[in-house]
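# Chains, contacts and geometry: an overview
Given next are the chains, with one letter for each unit.
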Amino acid sequence: MGFTYLDPTKSAKFKDRYVTKIDETIKKYKGSETGDVGIIGLPSSKSSISLSMAANAPSTIRAGLSSFSTYSATQQKDFDDRRILDFGDVPIHPTSVEDTLDRLHISVEEMLQTEACDRYIILGGDHGVSYPSIHAFQKKYGRIGVIQWDAHHDVRNLEDGGRTNGTPFRSLLDGGILNGDDLVQVGIRDHANAEEYDRYAKEKGIHVYTMDDVEEEGVVSIIKKELARLENQVDMIYLSVDMDAVDQAFAPGCPAIGPGGFTSRELLSSVKKAAQHPMVKAMDIVEIDPSKDVRDITSRLAAHVMMRFMYK
Ligand code: CA
């Protein structure tokens, strides 16, 4: 006998015939598909210097996509035909951080070898995942430029704790994977860094913009200026979005929250501007701890950061 209302194969959700939700357009990669944007989850946060459950963020950010439609009122366009491929999450090693970093690196590298997509989104995890990820893109594309939205430089010494979420850019710079002149840091905040790391950033030639610079120049014009500089010297551009660059009022679900950061609108408009550049091929989103979040505010903002990248 058939059911009148029950359908064990579908969730019991309201469906409006004219609305496509973003999660409805995402397909799992099974080995031969091609798409416009690929997604991979790097659920690693055991190398965080403070207790973090950021490993749970790939699933809460993906869940956030089910709340929003594919239609952009600004662009007057429905992106329901955009092909998004999900490569799944990398299983991390239960105890070894170095083994986990190897697994993340190999998995991003293998995803790129499929050549299935033009552009990719990498969901962390803590900021430690950017080191193996950016390294994989550098091996594939050559000289890489990075624009990093962050309250922190992330160039801590490795003597105090090995490779953590505070060291990814030091590992990339000292490892010769990234040039200081090809790294742009926007959103650096007061009382969130040390004088030694400011000195290191200057010595390496990193292009640093504090929140005071952002207030003076505007984040979108900083991004435009830096893209125009990077496009003449690198082979591809990677965006690294640490959600703690956003003010704690808009991103309460980060381990290192603080006041005086970006508004959610500033983050979205600047990521959108960067994503429109043809040399921008990848973006990671890191440092959301869903267990500290309030009503998934931070994961839902991250879902919108994805949309600005996917629907350019
Ligand atoms: Ca960071």
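Quick note: structure is the one above.
Below you will find a few notes about this structure. All figures in this text were calculated on a predicted structure; none of them were measured in a lab. (Residues numbered from 1 in each chain as written. Predicted model: local features only at pLDDT ≥ 70, side-chain atom pairs only at ≥ 80, totals over all residues. Heavy atoms only, no water.)

Take the coordination of the calcium ion next. Ligation of the calcium ion by protein atoms is provided by His127 (ND1), Asp150 (OD), Asp150 (OD), Asp154 (OD), Asp154 (OD) and Asp242 (OD), these donors lying 2.2 to 3.1 Å from the ion. Classification of the site at the calcium ion as irregular follows from its six donor atoms and the range of 46 to 156° in their angles at the metal. Within one chain, the residues serving as donors to the calcium ion are arranged as H-x22-D-x3-D-x87-D. Placement of Asp154 in the loop between β7 (144-149) and α4 (168-174) and of Asp242 in strand β10 (residues 236-242) is noted, with a sequence separation of 88 residues between them. (Donors = N, O, S within 2.8 Å, 3.2 Å for Na, K, Ca; no water. Tetrahedral: all angles 85-135°; square planar, octahedral: opposite > 155°, others 65-115°. Helix = DSSP H or I, 4+ residues; strand = E, 2+ residues; numbered from the N terminus.)

The grouping of Met1, Phe3 and Leu6 at the surface amounts to a nonpolar patch, some 460 Å² of accessible area in total. Along the chain, Leu6 turns up in the segment before β1 (26-28). (Patch = residues over 30% accessible without salt bridge, like charges linked within 9 Å, V, L, I, M, F, W, Y side chains within 5 Å. Areas by Shrake-Rupley, 256 points an atom, 1.4 Å probe, with all protein chains shown as cover. Salt bridge = Lys/Arg side-chain N within 4 Å of Asp/Glu carboxyl O.)

All right, on to the sheet that holds strand β9 (residues 207-210) then. Reading across the sheet, the nine strands line up as β1-β5-β2-β6-β11-β10-β7-β8-β9 and stay open at both edges, with parallel pairing between neighbours. Where the open sheet ends on each side, the last strands, each with one partner, are β1 and β9. This sheet shows a mean twist of 20° between the axes of neighbouring strands, independent of strand direction. Bridge analysis of β7 against strand β8 (residues 183-188) gives four bridges, and the strand direction is parallel. Bridge pairing links Ile147 to Val184 in β8. The sheet contacts of helix α2 (residues 97-113) involve β2 (35-42), β5 (84-89) and β6 (117-124), and relative to β2 the element is tilted by about 170°. Against the sheet, helix α3 (residues 130-141) engages β2, β6, β7, β10 and β11 (280-286), with an angle of about 170° to β10. (Pairing = 2+ DSSP bridges. Axes fitted to C-alpha atoms, helices over the stretch in contact; angles between N-to-C directions. Contact = heavy atoms within 4.5 Å.)

Further remarks concern the environment of Phe262. Counting through the fold element by element, Phe262 comes out in the loop between β10 and α8 (264-275). A residue is classified by how much of its surface remains accessible, and Phe262, at 0% relative accessible area, is buried. In this structure, the C-alpha to C-alpha distance between Phe262 and Ala249, residues 13 residues apart in sequence, is 9.6 Å. With residues up to four places along the chain from it excluded, the contact list for Phe262 reads Trp149, Val186, Gly187, Met211, Val214, Val219, Ala245, Val246, Asp247 and Phe250. (Buried < 20%, exposed > 50% of the residue type's maximum accessible area, 1.4 Å probe, protein only.)

Of all hydrophobic cores here, the largest spans 52 residues; its most connected members are Trp149 and Met310. Tallying contributions element by element places helix α9 (residues 297-310) first for this core, with eight residues. Counting residues in hydrophobic clusters, the runner-up holds 35 residues, among them Met111, Leu112, Tyr120 and Val129. (Core = buried A, V, L, I, M, F, W, Y, C linked by side-chain atoms within 4.5 Å.)

Let's shift gears to the pairing of β11. Looking along a regular strand, one sees the side chains alternate between the two faces of the sheet. Here β11 lies mainly inside the structure; six of its seven residues are buried. Sheet topology note: the β6/β11 ladder contains four bridges and is parallel. Counted as the bridge partner of Tyr120 is Ala282 from β11. In this sheet, β11 lies alongside β10 in parallel orientation, the contact comprising six bridges. Of the residues in β11, the one forming a bridge with Leu239 is Met283. With α8 bridging β10 and its parallel neighbour β11, the resulting β-α-β unit is right-handed. (Right-handed = clockwise from strand over helix to strand, strands pointing away.)

Purely geometric stuff here, so don't read any function into it on its own.
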